[in-house]
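Structural overview
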Amino acid sequence: MTWVTGADGSPYGVTNLPYGVFRSDGGEPRIGVRIGSWVFDLAGAEAADLVLAAGTLCRPTLNGFMALGRPQWTSVRQRITELLTDPAHRAAVEPLLVPLADVELLLPVEVADYVDFYSSEHHASNVGQIFRPGQPPLLPNWKHLPIGYHGRAGTVVVSGTPVTRPTGQRASAEGPVTGPSVRLDIEAEVGFVVGVPSTLGDRVSVDDFADHVFGVVLVNDWSARDIQAWEYQPLGPFLGKSFATSVSAWVTPLDALADAFVPAPDQDPPVVDYLRDVPHLGLDLRLAVEWNGERVSEPPFATMYWTPAQQLAHLTVNGASLRTGDLYASGTVSGPDRGQVGSFLELTWGGAEPVRLGAETRTFLADGDTVTITATAPGPDGTSIALGEVTGTVRPAR
Ligand code: MN
C-alpha cells in the first residue's frame, strides 16, 4: 500500500515503479519513477538526500544509475518503496511528485549499441512462408542460434516521436525505383537494456543475465518491407529498418518482473552448451497492438523460442563487449494465431488480406496512422503491472 493518491490498484502501483527521464516547465531533464499518475522526481530526492545513488539520479539519462549494478538497483528500489509507502516520509516526498500530465517524457537511456534479434518461431515461420512459399519456413540455422542484426542506435527515439515515412529503393518489374516506402510496417517487440558493461574478449554466461540487464522497454522496430526486401541479401536489414526505432519512455526494472518469469518453450534440437540456460525462463508479457485506436493483435511474449539470457550469451560469445546503454530487442513477437502477430506483414499475410479499420481498409501503414503498443505482466499476488506504451504517428515522406 502506498500513500500516493490513486496509485493503489493502478497498474503503476508500488510494485511496478518504472524509471524514466522527464522535463517539466521547459526545465532540465530529470530522472523519475512512475507511481500511479505521478512522477516521483528522483533528482530532487537525491539532492535532498532522501535517496542515495552515488549522484547518478541527478543526471539527464539513466546510464549512470544503470552502471552501478544490481545490488544498488535493488537497494534504491527498496528505498523508493519505503519512501512511497511509509506515511512518515509523506511530508518530504509529496512536494517531489509531479503530475504525469504536466511532464514531457524523454528518451530514458543514451543508447550505446542496438541489436535486434529474430526470436519468435511463429514470426520467423510466417515470414518464411510469405517470402519463400513452398520451401521450409525456417532456415537451417534458426533453431541453433538466436539470429540477429545490428541496428542503428542513433535513430532510437522515445515513444511519441513522429516517424517520417522513409524513402529508398525498391524492386519493380522495370528495375529498381526510388521513392517513399509503400509497405511501411511495425514490429512489436520487447527490448532489454544493459546496465553493467563487460570486458572486451570476455563472454557473458546465460547465468549472468540479471547482473548485466537492468530492465525492459517496449519497442516498435518500424520496417519498410519494400526497401528491406530489395536490400537485405546477403548482409541483412539496413535502410529498411534504420530510419527509426521507437522505445517506451518507461524502463521497467527486472525487479518489478519477478512474478513474470515463466518456462520458455522447449527447444528441440537441444542447443549448444553456451546457450543452455537452466531453468530456461521467458517472460509472460502480454502485448497489445492498437492501429488508429483499434486493437488488432495481442502478441504473447511467453511464446518466444529464444530467451533474453540466451540472446545475451549469444551476443557476447565472440568476446564482443557490452556497454552501459546497450539495447537488444527480441525480434517481432508473434504467437500461433493471426490475432497474436506482431507485424502487419503477418496480419495481412504479405498484404494479400487487408484488414478493416473503422470505415477503411489497410494492408500497410498510411500517412497519419498511429500505432500504439502496450503490455502487461503478472505482478505479486495476482495483480498486474503495465509496461508503459510505445506509440508513434506516421508523417509523410519528405
Ligand atoms: Mn525487428
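Please read these numbers as outputs of a predicted model, since none were measured by experiment. (Residues numbered from 1 in each chain as written. Predicted model: local features only at pLDDT ≥ 70, side-chain atom pairs only at ≥ 80, totals over all residues. Heavy atoms only, no water.)

**Topic: the coordination of the manganese ion**
We apply this condition: In this listing, donors mean N, O and S atoms no farther than 2.8 Å from the metal, or 3.2 Å for Na, K and Ca; water is missing from the atoms, so a site can look incomplete. Helix and strand labels come from DSSP, where a helix needs a run of H or I of at least four residues and a strand needs a run of E of at least two; each type is numbered from the N terminus. Exposure classes here rest on a 1.4 Å probe applied to the protein chains alone. A residue is buried below 20% of its type maximum, exposed above 50%, and partly exposed in between.
Protein-derived coordination of the manganese ion comes from Asp-116 (OD), Glu-187 (OE), Glu-189 (OE) and Asp-221 (OD), at a distance range of 2.1 Å. When the donor residues of the manganese ion are listed from N- to C-terminus, their spacing reads D-x70-E-x1-E-x31-D. Residue Asp-116 is found in strand 6 (residues 114–117), and its partner Glu-187 is found in the loop between strand 12 (184–185) and strand 13 (188–194); the two are separated by 71 residues along the sequence. By relative accessible area, Asp-116 is classed as buried at 1%. Using a relative accessible area of 5% as the deciding quantity, one classes Glu-187 as buried.

**So, the pattern of salt bridges**
Applied cut-off: Any carboxyl oxygen of Asp or Glu within 4 Å of a side-chain nitrogen of Lys or Arg constitutes a salt bridge here.
Across all of its chains, the model carries 18 salt bridges by this definition. The shortest N-O distance in the salt bridge between Asp-41 and Arg-30 comes to 2.9 Å. Residue Asp-41 is found in strand 3 (residues 38–41), and its partner Arg-30 is found in strand 2 (residues 30–35); the two are separated by 11 residues along the sequence. A relative accessible area of 8% means that Asp-41 is categorised as buried. Between Glu-187 and Lys-241 there is a salt bridge; the shortest N-O distance is 2.8 Å. Separated by 54 residues along the polypeptide, Glu-187 in the loop between strand 12 and strand 13 and Lys-241 in the loop between helix 7 (225–231) and strand 16 (245–247) bring together distant segments of the chain.

**A few points about the sheet that holds strand 1 (residues 19–24)**
Heads up, the condition is: Strands are treated as partners if at least two bridges between them are detected by DSSP. For every element, the axis is a line fit to its C-alpha atoms; helices are fit only across the contacting stretch, and the angle between N-to-C directions ranges from 0 to 180 degrees.
Spatially, 5 strands are ordered 4-3-2-1-5 in an open sheet, and the strand pairing comes out antiparallel. Pairing within the sheet leaves two strands with one partner each, and these edge strands are strand 4 (97–99) and strand 5 (103–106). Pairwise comparison of adjacent strand axes, ignoring direction, gives a mean angle of 45 degrees for this sheet.

**Re the domain arrangement of the protein chain**
Keep this limit in mind: Residue ranges labeled as domains rest on an automatic or database domain assignment. Any two residues whose heavy atoms approach within 4.5 Å are treated as being in contact. Here the buried area means the combined drop in accessible surface, using a 1.4 Å probe, for two parts upon being joined, counting both sides.
When cut into domains, the protein chain gives domain 1 (19–106) and domain 2 (114–395). Look at where the C-alpha atoms of domain 1 and domain 2 centre, and you get two points 29 Å apart. Counting residues at the interface gives 19 residues for domain 1 and 19 residues for domain 2. Here domain 1 packs against domain 2, burying approximately 1600 Å² in sum over the two surfaces, 66% of which is carbon and sulfur. Ranking the residues of domain 1 by area buried against domain 2 places Tyr-19, Met-66 and Arg-70 at the top, with a combined share of 39%. In this structure, the connection of domain 1 to domain 2 is made through 1 salt bridge. For Arg-70, the salt bridge is made with Asp-255, and the minimal N-O distance between the two is 3.2 Å.

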